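Spelled out, the chains give:
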Amino acid sequence: MSTLTTSAHDLIPARTAVESWMREFQNWLCRQLEMADGGATFRQDAWEHEGGGGGLTRVISNGDVLEKGGVNFSAVSGRMSDAAARQLLMPDPGYFATGVSVVQHPRSPLVPISHMNVRYFEAGNGEAWFGGGLDLTPIYVEEAQARWFHEQIKISCDRHDASYYPRFKQWADEYFFLPHRQETRGVGGIFFDRLTVGRDGSFEELFAFVQDVGEVYGRTYAELMRRNRDQPHTETQKQWQLVRRGRYAEFNLAIDRGTKFGLETGGRTESILMSLPPQCEWHYDFQIAPDSPEAATQAWLRKDVAWV
């Protein structure tokens, strides 16, 4: 990813530099995922936002590894309602936002679901900040792989600030949590929001960190796809995948802030709901057999696991 640099920001406005990198990053990440899948390519749809700007939705389906996935780019501007601005804690209802949002739903229950998001906001009053994160939702938790995933994230965070990994890992534990289920969505990762330019670091420092978040996601998830793609699985494991996908859908529809922001600001519904799995199931009073592989995974779905 040596071509993804911040050098252009000295000559053009900050928002243009970030938007340009987001477009490049979408292209790079789609190539990484296509190579790891080996059987499908992304289709794309361009769209426009009524307030200004638009985006490029890229979706992959029926691949050798990925049953459904998306890598979405957007750069939009406008003025949200006062009620929406209050709900989203915006200091001013005017906004510019650009980012890339990613969710991948593998075909095999032994390849984890993954999510990543990097974003940049400017409010109408001139305040600007970065946000993002990445996390992993294994259908069956493999402890060694979960620890490796967190180790790679920590290495990336430590290049910028030694406090980032512990702070943002805790934030992910709190954010990717289903209170109505009393369980985490998966094994977590990092989550951060409103890293404000000037208060939390310079533009250059925060932008460089966000770029590294994108890089570590692309590299680690492509590797996890390769490691697990050819493992055989059973019908029981496939059924458990459908149940866990249902929990993923619950989080995205009831809790996720990005989903709420997109819907509140008139975003493209097809792109926003791309994150939902292609199939999932809900069963009344679903029970897990004691001492089963499913029970072992359920036991990992808690906050404050010291993965590294």
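For the structure, see preceding data.
1. Regarding the sheet that holds strand β3 (residues 66–79)
The strands making up a sheet are joined through hydrogen bonds of the backbone, oriented either antiparallel or parallel.
Consideration 1: Taken in spatial order, the seven strands of this open sheet run β1-β2-β3-β4-β5-β6-β9, and their pairing is antiparallel. The open sheet has two edge strands, β1 (43–48) and β9 (188–196), and neither has a second partner. Each strand axis lies, on average, 5° off the axis of its neighbour in the sheet, ignoring direction.
Consideration 2: Two strands pair when backbone bridges link them, and strand β6 (residues 128–137) and β9 are joined in this way by seven bridges, in the antiparallel orientation. Bridging from a neighbouring strand, D135 pairs with G189 of β9.
Consideration 3: The strands touched by helix α3 (residues 143–158) are β6 and β9; relative to β9, the strand with the most contacts, the crossing angle is about 25°.

2. Re the pairing of β3
Consideration 1: The buried fraction of β3 is high, at ten of 14 residues.
Consideration 2: Bridge count between strand β2 (residues 53–61) and β3: nine bridges; the pairing is antiparallel. Bridge pairing in β3 links V59 to G70.
Consideration 3: Bridge analysis of β3 against strand β4 (residues 94–106) gives 13 bridges, and the strand direction is antiparallel. Residue pairing in the sheet places S77 in a bridge with F96 of β4.

3. A word on empty space enclosed by the protein
Consideration 1: Applying the stated rule across the entire model yields one cavity of 30 Å³ or more.
Consideration 2: Considered as a void within the structure, the largest cavity measures approximately 60 Å³ in volume.
Consideration 3: Every residue along the wall of the largest cavity is listed here: K169, A172, D173, F176, T184, G186, V187, G188, W300, R302, V305 and W307.
Consideration 4: Counting residues per element, the lining of the largest cavity draws most heavily on helix α4 (residues 164–175), at three residues.
Consideration 5: Of the residues contributing to the lining of the largest cavity, the split by class is six nonpolar, three polar and three charged.

4. A word on the packing of aromatic side chains
The description of two aromatic rings rests on the distance between their centres and on the angle between their planes.
Consideration 1: Evaluated as defined, the whole model comprises 24 aromatic pairs.
Consideration 2: Their ring planes at 85° and their centres at 6.4 Å tell us that Y120 and F203 sit as a pair that is edge-to-face. Taken together, the residues Y120 in strand β5 (residues 113–123) and F203 in helix α5 (residues 203–228) connect sequence positions 83 residues apart.
Consideration 3: An aromatic cluster is present here, built from Y164, F168, W171, Y175, F176, F191, F192, F209 and F251 joined pairwise through their rings.
Consideration 4: Lying across the ring of W129, R194 places its NZ or CZ 4.4 Å from the centre.
Consideration 5: Looking at R227, its charged tip hangs above the ring of W148, at a distance of 4.3 Å from the centre.

5. Some details on the layout of surface pockets
Consideration 1: Approximately 1,000 Å³ is the volume found for the largest pocket.
Consideration 2: Together, 45 residues line the largest pocket, and R257, G258, T259, F261 and G262 are the ones closest to its centre.
Consideration 3: Counting only elements with at least two residues in the lining of the largest pocket, the list comes to β3, β4, β5, α4, β9, α6 (235–254), α7 (257–264) and α8 (269–272).
Consideration 4: Looking at side-chain class alone, the lining of the largest pocket contains 20 nonpolar, 17 polar and eight charged residues.

Rules of the game
- Residues numbered from 1 in each chain as written.
- Predicted model: local features only at pLDDT ≥ 70, side-chain atom pairs only at ≥ 80, totals over all residues.
- Heavy atoms only, no water.
- Pairing = 2+ DSSP bridges.
- Helix = DSSP H or I, 4+ residues; strand = E, 2+ residues; numbered from the N terminus.
- Axes fitted to C-alpha atoms, helices over the stretch in contact; angles between N-to-C directions.
- Contact = heavy atoms within 4.5 Å.
- Buried < 20%, exposed > 50% of the residue type's maximum accessible area, 1.4 Å probe, protein only.
- 1 Å grid on protein atoms, 1.4 Å probe; cavity = no way out; pocket = protein on both sides within 12 Å on 5 of 7 lines; lining within 4 Å.
- Points joined across faces, edges and corners; volume = space filled by probe spheres on them.
- Nonpolar A, V, L, I, M, F, W, Y, C, P; charged D, E, K, R; others polar.
- Phe/Tyr/Trp six-rings, centres within 6.5 Å; stacked < 30°, edge-to-face > 60°.
- Lys NZ or Arg CZ within 6 Å of the ring centre and 35° of its normal.

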